[in-house]
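So you can see what is in the structure, the chains are spelled out below.
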Amino acid sequence: MNKRAGQSKQLTWMMGLLLTGLVAGCGGDGGSGSGAGAQAGVLGVSLTDAPACGFDEVNVTVRKVRVHQSDSANENAAGWSEITLNPSRTINLLNLNDPTQPNFALDNLGETSLPSGHYTQVRLVLEDNNGNQSNANWVVLSADSTKTPVPLETPSAIRSGIKLINQFDVPSGQRVDLLLDFDACKSIVQRGNGTYALKPVIKVIPYVLNGIDGFVDTALLGSHVVVSAQVNGEIVRATVPNTNLAPNPNRGKFFLARLPEGVNYNVVITADNHATAVIAGVPVANSTSITSISTSTTPFTLPASTAQDITGTVTLNPATDEEAVFITAKQVLNTTATVNPAPTVTVKSLAATPLPSAQTGDFSYILTLPTGAPSLAPYGPLPITPVTTGQSGVAGLYIVQAAATGYTTQLFPNIATGTIRNFDLIP
């Protein structure tokens, strides 16, 4: 691992490094909404991430965070307030996907005084590579035994700031915290010429701590365990269990943190060479509730399973290498006496690989999926024990879909492992 990545690891998990923001350009319409006697508030901004696909490191260099009360203000307008990181900070996003670690997998970017009022624009400003291709933003590929940093080509929007969709109010004299969820997996676009581009996908998510926690058997920890909270087969939040070596009371613990409240989630647990487990209807009642679904004494285990591939190609028409193509395998479980209706869950999602050919827009994929029957249990009193009862009929059968921004999603139901399935995507 290179020196920069090692430095970035020190900035996570152990309370981060709090940098005091520098306020810039708070004139113009920046004071709108603050009446006589109103006191300035405080804005704090932190960064987090979900598990990424195919990378050992995803490093970005953050320069500043900017906020404005007008959603139409350009980067040169008056009225911007800023949190400036000086020096700019290089962060390995994959250090931020296990919120059972100290500091809950947050990297605190800083805070600043802010006039009270209503704000409608947030921009995250990253350093661009400026021709020194490995200096600011880079990845390390999981498949690369040499672990050589691969530079990320950066779009012009990096310099003016990545515009995020979010509105928030700063009450007089109060503190407001924003949490930026940087989706490392969806933010990296591999091109047919072998280069990688950074196209950031970032959401502003609730900062307050709620969610779903539990434990998986520590014997699974070498098998790329991923735990996700899903609604209707769509992943809302994903995480990995704590893998710190014993003695560590959190070893094997997972925490699906900061979930939208008032929703029942299907919690899906996957691991290499193991069948999928699903806990259906797990409630998150409010913004501060944490629902436990297993303990260290009765952790979730997954039965061993053989695996087979579903493979194929994806063709984009019209062709482009500017968009990532994502392949997703979902499974529809059978209704049981204790779970009705049957949940649909995502078992695996990954980015397709551009084919090295003169024709751009051609991709290939390999989905390695369990052939064993999934196990299922409803949420209820602990211990919760998922069972395979009634699921043999769906073993090894998946809904496979291909999606890319600007193209119509295509899917095929009831695809058996060991099958070749090709896709043609059109706008």
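Further up the page is the structure itself.
Everything in this summary refers to the structure shown in the same document. (Residues numbered from 1 in each chain as written. Predicted model: local features only at pLDDT ≥ 70, side-chain atom pairs only at ≥ 80, totals over all residues. Heavy atoms only, no water.)

## Quick notes on the sheet that holds strand E4 (residues 107-114)
The mixed open sheet is built from 4 strands, whose spatial order is E4-E1-E9-E12. For this open sheet the edge positions go to E4 and strand E12 (202-205), each flanked by a neighbour on one side alone. Taking the axes of each pair of neighbouring strands and ignoring which way they run, one obtains an average angle of 25° across the sheet. As judged from the 7 bridges shared by strand E1 (residues 41-48) and strand E9 (residues 175-182), these two strands associate in the parallel manner. By the bridge assignment, Leu47 is partnered in E9 with Leu180. (Pairing = 2+ DSSP bridges. Helix = DSSP H or I, 4+ residues; strand = E, 2+ residues; numbered from the N terminus. Axes fitted to C-alpha atoms, helices over the stretch in contact; angles between N-to-C directions.)

## Examining the sheet that holds strand E20 (residues 307-316)
Ordered in space as E23-E24-E20-E28, the 4 strands form an open sheet in which the pairing is mixed. For this open sheet the edge positions go to strand E23 (353-354) and strand E28 (423-425), each flanked by a neighbour on one side alone. Where E23 meets strand E24 (residues 362-370), 2 bridges bridge the pair, whose relative direction is antiparallel. Its bridge partner being in E24, Pro354 is matched across the sheet by Phe363.

## A few points about empty space enclosed by the protein
Evaluation of the coordinates by the stated rule reveals 2 cavities of 30 Å³ or more. In this structure, the largest cavity spans a volume of roughly 110 Å³. Mapped by element, the contributors of at least two residues to the lining of the largest cavity are strand E15 (234-239) and strand E16 (253-257). What the second largest cavity holds in volume is close to 40 Å³. Residue lining of the second largest cavity: 10 residues in total, with Gly192, Pro354, Thr360, Gly361 and Asp362 positioned closest to the centre. Broken down by class, the residue content of the lining of the second largest cavity amounts to 3 nonpolar, 5 polar and 2 charged. (1 Å grid on protein atoms, 1.4 Å probe; cavity = no way out; pocket = protein on both sides within 12 Å on 5 of 7 lines; lining within 4 Å. Points joined across faces, edges and corners; volume = space filled by probe spheres on them. Nonpolar A, V, L, I, M, F, W, Y, C, P; charged D, E, K, R; others polar.)

## What to know about the pairing of strand E26 (residues 397-404)
Summarising burial for E26: 6 of the 8 residues are buried, a large majority. Pairing of strand E21 (residues 325-332) with E26 involves 6 bridges; the strand directions are antiparallel. Counterpart to Ala329 in the pairing with E26 is Val400. Looking at chain direction, E26 and strand E27 (residues 410-416) are connected through 5 bridges and run antiparallel. When the sheet's bridge partners are listed, Leu397 is paired in E27 with Ala416. As consecutive antiparallel partners, E26 and E27 are separated by 5 residues, and within that stretch Gly406 has a phi angle of approximately 90°, a positive value. (Buried < 20%, exposed > 50% of the residue type's maximum accessible area, 1.4 Å probe, protein only.)

## What about the nonpolar core?
Judged by nonpolar contacts, the single largest core of 39 residues is most densely connected at Leu93, Leu109, Leu124, Leu126, Phe168 and Phe182. By residue number, the principal contributor to this core is strand E2 (residues 55-68), which donates 6 residues. Discounting residues that sit within four places of it in the chain, Leu93 has contacts with Leu47, Asp49, Val58, Val60, Phe182 and Ala184. Counting 28 residues, the second-largest nonpolar core is a separate cluster that includes Ala329, Leu369, Leu376 and Ala402. (Core = buried A, V, L, I, M, F, W, Y, C linked by side-chain atoms within 4.5 Å. Contact = heavy atoms within 4.5 Å.)

## Comments concerning unusual backbone geometry
Here Asn86 and Pro87 are connected by a cis peptide whose omega angle stands at 5°. Along the chain, Pro87 turns up in strand E3 (residues 81-92). With an omega of 10°, the peptide bond running from Asn317 to Pro318 counts as cis. Within the secondary structure layout, Pro318 lies in the loop between E20 and E21. Phi is positive for Asn232, which is not a glycine, with a value near 55°. With respect to the helices and strands, the residue Asn232 is situated in the loop between strand E14 (226-231) and E15. In this model, Asn414 sits at a positive phi of 55°, which is unusual for a non-glycine residue.

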